Amino acid sequence: MICSLDFGCGSLRSLCRSGGPGSRLQRLEMRSEYSAVPDTALHRRALSDQGVPYAVGEGVLLIVGNDVERTRWLTRIPATPMFPGGRVPCADAPARQLLHILTGCLLPRVTDGENLCVMITPAAEARVGEQEGLPSETAGGAEFLRRLVEMSGFSAVQLGAAEAALLSVWPDSQYTGVSVVLGAESSSWCLARRGLVQASGWLPAGGNWVDSELAKQLRLHVWDADGAAYLDMARVSSWRRQQSVDVRQPRDEQEHVLSRLVRAVLQQLATVVVQQLEHTEGLVQALRPVQVVLSGGFAGTSGVPELLAEQLSLLSGGSQRFLVQRAVAPDTAVVRGGLIYGELELRAQRSWAA
């Protein structure tokens, strides 16, 4: 059994085949958040009437994943992210326990043969070992997620988000160019030549940062029963997703603020990519124009590919041409790439064993 598991900061996704090679794919998806409502008879009855499962905490009922949206009316407090700041929370025991439960729900039952899971961890967790000068296996959050996968009976292989997306969206380009994943808490990228990664990196800014800043600048808040104020990110995110907003052509003040924030993220991203391209010998000459493919949930925002192309061209001084495209189904490109990597990895292991 080969499975791919994307621990995304916006959604957790798994993908596996129901049988052998070429069999039908099975995909599961759950939101990476949970909410807590008071543990009262009234709240228990409301959840039971809607058929919503819950866990019992200290004076609260915990609702997780896709059920959070269905039960927002039960509390004024915004949902809590599973990966605040793009990291596995060390001090949030309920979140860690719920991650354990969700991992078990997303992974299929192991079979009698080889069971391999390619896990894509949040960018901040994937890089923490490198930043602190530690081997990756000692990184706390990534190691915690690895143990969750192994407790389900799988052997785990870790893969970066941009590297995974590279495999799922680039067969026609000989896997040469720039892969960018615009996620919820971060933006990651890698430069590749014929499938070999030449350089990679990430920025701690993504869709959630844009929504948070937009809510701050427009002073959009919600208040709980005690009068405490919270940024209304749910309202901002819903507006951004449902409206036909083109960040290149803002029509009112709110869209102008959104456009400025998106440009700020893309400018940071374009700066590091152009700087790295200048130091990656042969990559620019390998394919002209330089191909850039965008994946991740935030990549679906209208106008983002065009804005990134403008920033890349501007920062390169016009010396390079860039073709920036949005991946087909950008929100699932990472988990699809993880499955492809798993199938290639298992094939290689069998070849070595022979």
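Just so we're clear, the structure is a prediction, and the values are computed from it rather than from any experiment.

**Looking at the overall build of the protein chain**
A count of helical and extended segments in the protein chain gives twelve helices and 16 strands. By the compact-globule yardstick of 20 Å for 354 residues, the protein chain fits well, its C-alpha radius of gyration being 21 Å. Across its three principal axes, the protein chain shows a C-alpha extent of roughly 65 × 60 × 40 Å. For the protein chain, the residues scored as buried account for 51% of the 354 residues in total. Pairs at least 24 apart in sequence give 64% of the contacts found in the protein chain among residues at least 6 apart. With an accessible surface of roughly 17200 Å², the protein chain has 49% of that area assigned to carbon and sulfur atoms. In the protein chain, 33 positive and 36 negative side-chain charges are present, and the distance between their average locations comes to 4 Å.

**So, the sheet that holds strand E4 (residues 33-38)**
Sheet strands pair via backbone hydrogen bonds, and the direction of the pair is either parallel or antiparallel. If you trace the four strands from one edge of the open sheet to the other, you get E5-E6-E4-E7, paired in antiparallel fashion. The two strands at the open ends of the sheet, each matched to only one other strand, are strand E5 (55-56) and strand E7 (80-81). Looking at chain direction, E4 and strand E6 (residues 60-64) are connected through five bridges and run antiparallel. Across the sheet, residue Ala-36 finds its bridge partner in E6, namely Leu-62. Helix H1 (residues 41-50) rests against E4, E5 and E6 of the sheet, and its axis sits at about 25° to E6. Its contacts with the sheet put helix H3 (residues 93-106) on E4 and E6, and the angle it makes with E6 is roughly 45°.

**Quick word on the packing of helix H7 (residues 207-217) against helix H9 (residues 253-278)**
Packing of H7 against H9 brings their axes to within 10 Å, and their N-to-C directions diverge by 140°. In this view, H7 runs oblique relative to H9, as classed from their interaxial angle. Taken as a pair, H7 and H9 cross one another with a handedness that is right-handed. In this structure, H7 uses Trp-209, Val-210, Glu-213, Leu-214 and Gln-217 to contact H9, whose residues at the interface are Gln-254, Val-257, Leu-258, Arg-260, Leu-261, Val-262 and Val-265. Its residues assigned to classes, the contact of H7 with H9 comprises eight nonpolar, two polar and two charged.

**So, H3**
For H3, spanning 14 residues, the distance from its first C-alpha to its last is 20 Å, which sits close to the expected 20 Å at 1.5 Å a residue. Every buried residue of H3 is listed here: Ala-95, Leu-98, Leu-99, Leu-102, Thr-103 and Leu-106. Burial along H3 is one-sided: seen end-on, the buried residues are contained in an arc of 140°. Buried-residue contacts for H3 involve strand E1 (2-7), strand E2 (11-17), strand E3 (25-31), E4, E6 and helix H5 (140-151).

**Some details on the sheet that holds strand E11 (residues 187-193)**
Read from one edge to the other, the open sheet built from five strands follows the order E12-E11-E10-E15-E16, with strand pairing classed as mixed. Of all the strands in the sheet, the pair left with one neighbour each is strand E12 (196-203) and strand E16 (322-326). The sheet shows a mean angle of 20° between the axes of neighbouring strands, taken without regard to direction. Of the pairings in the sheet, the one linking strand E15 (residues 290-295) to E16 comprises five bridges and is parallel in character. Across the sheet, the residue bridging to Val-292 is Val-324, located in E16.

**Re the nonpolar core**
Side chains of a nonpolar character, in soluble globular proteins, are inclined to be buried together. The biggest cluster of nonpolar side chains holds 39 residues, and the ones touching the most others in it are Val-262, Leu-308 and Leu-312. Considering every element that reaches this core, the biggest residue donor is H9, with eleven residues. With residues near it in sequence (within four places) discarded, Leu-308 still touches Leu-266, Leu-269, Ala-270, Val-292, Leu-294 and Val-324.

**Some words on the side chain of Glu-125**
Structurally, Glu-125 can be placed in helix H4 (residues 123-131). We classify Glu-125 as buried; its relative accessible area is 1%. Among the polar contacts listed, one links the side chain of Glu-125 to the backbone nitrogen of Val-88, at a separation of 2.6 Å. Polar contacts involving the side chain of Glu-125 include one to the main-chain amide nitrogen of Gly-141, which spans 3.5 Å.

What counts and what doesn't
For every chain, the first residue of the written sequence is number 1, and numbering continues from 1 onward in sequence order. The predicted nature of this model means local features are confined to residues of pLDDT at least 70 and side-chain atom pairs, given and counted, to a pLDDT of 80 or more, with totals for whole chains, interfaces and linings taken over all residues. Derived side-chain values reflect all non-hydrogen atoms in the structure, with water molecules and hydrogen atoms excluded from consideration. Each helix is a run of DSSP H or I of at least 4 residues and each strand a run of E of at least 2, with the numbering of both proceeding from the N terminus. For the radius of gyration, the atoms used are the C-alpha atoms, and the globule rule reads 2.2 Å times the number of residues raised to 0.38. To sort residues, take the accessible area from a 1.4 Å probe on protein chains only and compare it with the maximum for the residue type: under 20% means buried, over 50% means exposed, and anything in between is partly exposed. Contacts are assigned to residue pairs with any non-hydrogen atoms lying within 4.5 Å of each other. Here, Shrake-Rupley sampling with a 1.4 Å probe gives the accessible areas, and only protein chains in the shown set may cover a residue. None of His or the chain ends enter the tally, which takes Lys and Arg as positive and Asp and Glu as negative. Charge coordinates come from a single atom per side chain, which is NZ of Lys, CZ of Arg, CG of Asp or CD of Glu. Criterion used throughout: strands pair if DSSP finds at least two bridges between them. Note on geometry: axes are C-alpha line fits, over the in-contact stretch for helices, and angles between N-to-C directions span 0 to 180 degrees. By the definition adopted for this analysis, an angle is roughly parallel if under 35 degrees, roughly antiparallel if over 145, roughly perpendicular if from 65 to 115, and oblique otherwise. Left-handed describes a crossing whose near helix is turned anticlockwise from the far helix by less than a right angle; the clockwise case is right-handed. Asp, Glu, Lys and Arg are counted as charged, while Ala, Val, Leu, Ile, Met, Phe, Trp, Tyr, Cys and Pro are counted as nonpolar; the rest, among them Gly, fall into the polar class. A helix is expected to span 1.5 Å multiplied by its residue count minus one. Directions are taken from the helix axis to each C-beta atom, and the arc is the one they span. To define a nonpolar core, start from buried Ala, Val, Leu, Ile, Met, Phe, Trp, Tyr and Cys residues and group those joined through side-chain atoms within 4.5 Å. Here a polar contact means two N or O atoms within 3.5 Å. Within protein one must be a hydrogen donor candidate and the other an acceptor candidate, and residues neighboring in sequence count only if both atoms are side-chain atoms.

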